[in-house]
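So the chains spell out like this:
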Amino acid sequence: PHFKTFIYICYKQKLFMKLNIKNETGRLKSVVLGQPKSIGPVPTLEESYDAKSYYSIENGIYPKEEDIIAEMTAFEKVLKKYDVEVFRPNIIKDYNQVFARDVAFVIEDKMIISNVIKDRADEQEAYRKIFEKVEWRKIINLPETAHIEGGDVIVWDDFLFVGTCFSEDYRNYKTARTNEYAIEILKEYFPKKRIIDLDLKKNDKVPYQGVLHLDCTFNPIGKDKCIIYKDGFVDESDYQLIIDIFGEENCFHITPEEMFEMNPNIFSISPEVVVSDETFTRMNDFLRNEWGFTVEEIPYREISKMGGLLRCSTMPLVRE
């Protein structure tokens, strides 16, 4: 009987997924892609929880469900073209589940369950079948007062870049999603990482005057390059630190208009392949012609009106 138990335990362990995220660009093997179906009615201005959604609601351009479905289907098609295993959360009726990155995220072989804002707490239940694929010892549940979302966390080999809000008005901003306490906890779990906290500009109503997450203003691509928006940071020294780490020649700078359109928030399938919005012509041409990337272009304009883009829509689980 002991041998049978041993075999059973070995078998059970094989069922668990071996999470592995060491950086943003290693060859992607499996990923969670958000869910575009049953997103419910257009929110009111009071119900919006980011500046871009506020802007879209105010201007009557909030996206329709059929357009969101079409765009995410195009994204899934590209992922599958590169043999990526794609998981989807269960559908919650009348609920926006497009942005998987906010629900949980992976660093190395650990999955951190985010403490999302109250408006989105039900969303995590839809990921139960995915969480169950991960060994419980590898899941980190944060204390209730430690706030963090995956869009603020960028894993880059020895570095962990974390976007935050140090403002005394932290509690007043719906767009302030990651606090100092969460960063302290990350330091405890990942003592060997060089954790760099970056203070981000916040604005709940004017998308030109603040950023929701770090990946809306900075995103590494390839092996040593990045896309960056200088004015997303409160302190220019934070921006300068990133330039020093990557090197000026390896940084693609975007304009305020491109930040508004969410250019930094593209997604890497490998060090050579990125998925980008087809309307980002200046950046896509540069990545292709100057840096030699394969740029898979898809339509993602409608989803951008809800405050996120390609990176926001994904939760990578395993990269090579």
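Look up: the structure comes first, before these words.
Treat the numbers as computed from the prediction; the structure is a model and nothing was measured.

Definitions and cut-offs
Residues numbered from 1 in each chain as written. Predicted model: local features only at pLDDT ≥ 70, side-chain atom pairs only at ≥ 80, totals over all residues. Heavy atoms only, no water. Helix = DSSP H or I, 4+ residues; strand = E, 2+ residues; numbered from the N terminus. Buried < 20%, exposed > 50% of the residue type's maximum accessible area, 1.4 Å probe, protein only. Lys, Arg positive; Asp, Glu negative; His and termini not counted. Charge placed at Lys NZ, Arg CZ, Asp CG, Glu CD. Expected span 1.5 Å × (residues − 1). Pairing = 2+ DSSP bridges. Axes fitted to C-alpha atoms, helices over the stretch in contact; angles between N-to-C directions. Salt bridge = Lys/Arg side-chain N within 4 Å of Asp/Glu carboxyl O. Contact = heavy atoms within 4.5 Å.

A. Expanded view of the overall build of the protein. Of the regular secondary structure elements, the protein holds nine helices and 15 strands. Dimensions of the protein, computed from C-alpha atoms along their principal axes, come out at roughly 65 × 45 × 45 Å. Looking at the protein as a whole, 58% of its 320 residues qualify as buried. Separation of charge centres in the protein, based on 43 positive and 56 negative side chains, amounts to 8 Å.

B. Local environment of helix 3 (residues 65–81). With 17 residues, helix 3 extends 24 Å between its outermost C-alpha atoms, agreeing within 8% with the 24 Å of an ideal straight helix rising 1.5 Å per residue. Here helix 3 has its buried residues at Ile68, Glu71, Met72, Ala74, Phe75, Glu76, Val78 and Leu79. A positive phi of about 60° marks Asp83, the residue just after helix 3.

C. The sheet that holds strand 7 (residues 159–164), seen in detail. Pairing is mixed in the open sheet, where three strands are placed in the order 6-7-8. If you trace the sheet from one side to the other, it starts and ends with strand 6 (153–156) and strand 8 (194–199), each paired once. Neighbouring strand axes in the sheet, compared pairwise and without regard to direction, differ in orientation by 20° on average. Bridge analysis of strand 7 against strand 8 gives six bridges, and the strand direction is parallel. By the bridge assignment, Phe161 is partnered in strand 8 with Ile196.

D. Looking closely at unusual backbone geometry. Phi is positive for Asp83, which is not a glycine, with a value near 60°. Note on Asp83: relative accessible area 67%, which makes it exposed.

E. A look at the pattern of salt bridges. What the rule picks out here adds up to 22 salt bridges. A salt bridge links Lys223 to Glu272; the shortest N-O distance between them is 3.8 Å. Taken together, the residues span a long stretch of sequence, with Lys223 in the loop between strand 9 (218–221) and strand 10 (225–228) and Glu272 in the loop between strand 12 (267–268) and strand 13 (273–277) at a distance of 49 residues. The salt bridge partner of Asp224 is Lys225, with a shortest N-O separation of 3.1 Å. Overall, the relative accessible area of 37% leaves Asp224 in the partly exposed class. Using a relative accessible area of 16% as the deciding quantity, one classes Lys225 as buried. Within the structure, one salt-bridge network assembled from shared partners comprises Glu24, Asp215 and Arg311.

F. Highlighting the environment of Leu33. Among the secondary structure elements, Leu33 is positioned in strand 1 (residues 28–33). Taking relative accessible area as the criterion, Leu33 reaches 0% and is therefore assigned buried. Leu33 sits 37 residues away from Ala70 along the chain, and the two C-alpha atoms are 14 Å apart. Look past the residues within four positions of Leu33 in its chain and what remains in contact with it is Met72, Phe75, Glu76, Leu79, Val86, Phe87, Arg88, Pro89, Ala100, Ser313 and Thr314.

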